[in-house]
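What follows is each chain in one-letter form.
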Amino acid sequence: MALKRFLVLQDYGMGGLWWWIHARSEREIMETFAGVEVVGDPEDVARFADGSLDEVDIDDPVMPAGLKEARKNRDAQRDRPGFGALAGRERVWIRDPYEDEVYLEELGPDGRRLRQVTIEADGTMVRTGPEDWPFNPPRDLYDPELLRYEISADEFERAWNAA
């Protein structure tokens, strides 16, 4: 299969790293590099069409900073149970405990939050959506670690309706 050119972002919320990656498919990129996304927004593609980004062949043994670490992380994940189990779904729901709060998140197919319920330490529940978040970097749905946080749609909806 011939290589095609894809615009790829490693989104940190307040910034990110961008590359053009030559690969056979979007899926190949996602299975090769952890924590990245393939960007198809025509405005972004046009913005970087001038050649200002590094061009990388997915088969190259040496990668630039950022992609080198992303490949190493993905290599460590690939053979673990649950690798890619959440990828390719229309919706994913997770329960993410963080310090004194718990976040119930509904994620879209790109790993970005669509809705969220925060359960505070005192039991207060607050629901939020994209208009409430200044940053919404995607979750890596190929990461096998994320599978342990999965909850059902029903559990999420009960919390959403109670908040």
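Scroll up a little and you will see the structure.
**Q** Where do I start with the environment of Pro 61 in this structure?
**A** Assignment of secondary structure puts Pro 61 in the loop between β4 (55-57) and α3 (67-77). Residue classification places Pro 61 among the exposed positions, given a relative accessible area of 76%. Along the backbone, Pro 61 and Thr 128 are 67 residues apart, and their C-alpha atoms lie at a distance of 43 Å.

**Q** So what exactly am I meant to see when it comes to the sheet that holds strand β3 (residues 37-39) here?
**A** Two pairing modes exist for strands in a sheet, parallel and antiparallel, and in both the strands are linked by backbone hydrogen bonds. Across the sheet, which stays open at both edges, the four strands sit in the order β3-β1-β2-β4 with mixed pairing between neighbours. Each having just a single partner strand, β3 and β4 make up the two edges of the open sheet. Within this sheet the neighbouring strands show an average axis-to-axis angle of 45°, counted without direction. With three bridges connecting them, strand β2 (residues 16-23) and β4 associate as parallel partners. Within β4, the position partnered with Trp 20 by the bridge is Glu 55.

**Q** Teacher, can you tell me more about helix α4 (residues 153-162) here?
**A** Each α-helix turn comprises 3.6 residues. Residues three or four places apart therefore point the same way. Listing the buried residues of α4 in full gives Phe 156, Ala 159 and Trp 160. Along α4, the residues classed as buried sweep out an arc of 105° about the axis, all on the same side. Along α4, the residues that are exposed and aim more than 90 degrees away from the buried face are Asp 154, Arg 158, Asn 161 and Ala 162. Buried positions along α4 lie against β5 (92-98), β6 (101-107), β7 (113-119) and β8 (125-128).

**Q** Hey, could you run me through the side chain of Gln 116 in this one?
**A** Relative to the helices and strands, Gln 116 resides in strand β7. Overall, the relative accessible area of 6% leaves Gln 116 in the buried class. Polar contacts involving the side chain of Gln 116 include one to the side chain of Thr 118, which spans 3.3 Å.

**Q** Help me understand the pairing of β7 in this model?
**A** A regular strand places its side chains so that they alternate between the two faces of the sheet. Along β7, six of the seven residues are buried, which leaves the element largely enclosed by surrounding structure. Across six bridges, β6 lies against β7 in antiparallel orientation. Residue pairing in the sheet places Val 102 in a bridge with Ile 119 of β7. Here β6 folds back onto β7, and the loop between the two strands holds five residues, one of which, Gly 111, carries a positive phi near 90°. Inspection of the sheet shows β7 paired to β8 by four bridges, in the antiparallel sense.

**Q** Hey, could you run me through the nonpolar core in this one?
**A** Looking at soluble globular proteins, one finds that nonpolar side chains tend to be buried together. Core analysis: the largest hydrophobic core is formed by 16 residues, its most contacted members being Val 8, Ile 21, Ile 29, Phe 33 and Leu 67. Elements that contribute at least two residues to this core include exactly β1 (4-11), β2, α1 (26-32) and α3. A total of three residues in this core trace back to one element, the largest contributor, which is β2. Trp 93, Leu 104, Ile 151 and Trp 160 belong to the second-largest nonpolar core, a separate cluster that totals nine residues.

**Q** Which parts of the structure should I look at to understand the pairing of β5?
**A** For β5 and β6, the ladder comprises seven bridges, and the chain directions are antiparallel. Looking at the pairing, Val 92 lines up with Leu 107 of β6. Counting the residues in the hairpin turn of β5 and β6 gives two residues, including Glu 99, whose phi is positive at 50°.

About the thresholds
- Residues numbered from 1 in each chain as written.
- Predicted model: local features only at pLDDT ≥ 70, side-chain atom pairs only at ≥ 80, totals over all residues.
- Heavy atoms only, no water.
- Helix = DSSP H or I, 4+ residues; strand = E, 2+ residues; numbered from the N terminus.
- Buried < 20%, exposed > 50% of the residue type's maximum accessible area, 1.4 Å probe, protein only.
- Pairing = 2+ DSSP bridges.
- Axes fitted to C-alpha atoms, helices over the stretch in contact; angles between N-to-C directions.
- Arc of directions from axis to C-beta.
- Contact = heavy atoms within 4.5 Å.
- Polar contact = N/O pair within 3.5 Å; in protein donor to acceptor, adjacent residues only side chain to side chain.
- Core = buried A, V, L, I, M, F, W, Y, C linked by side-chain atoms within 4.5 Å.

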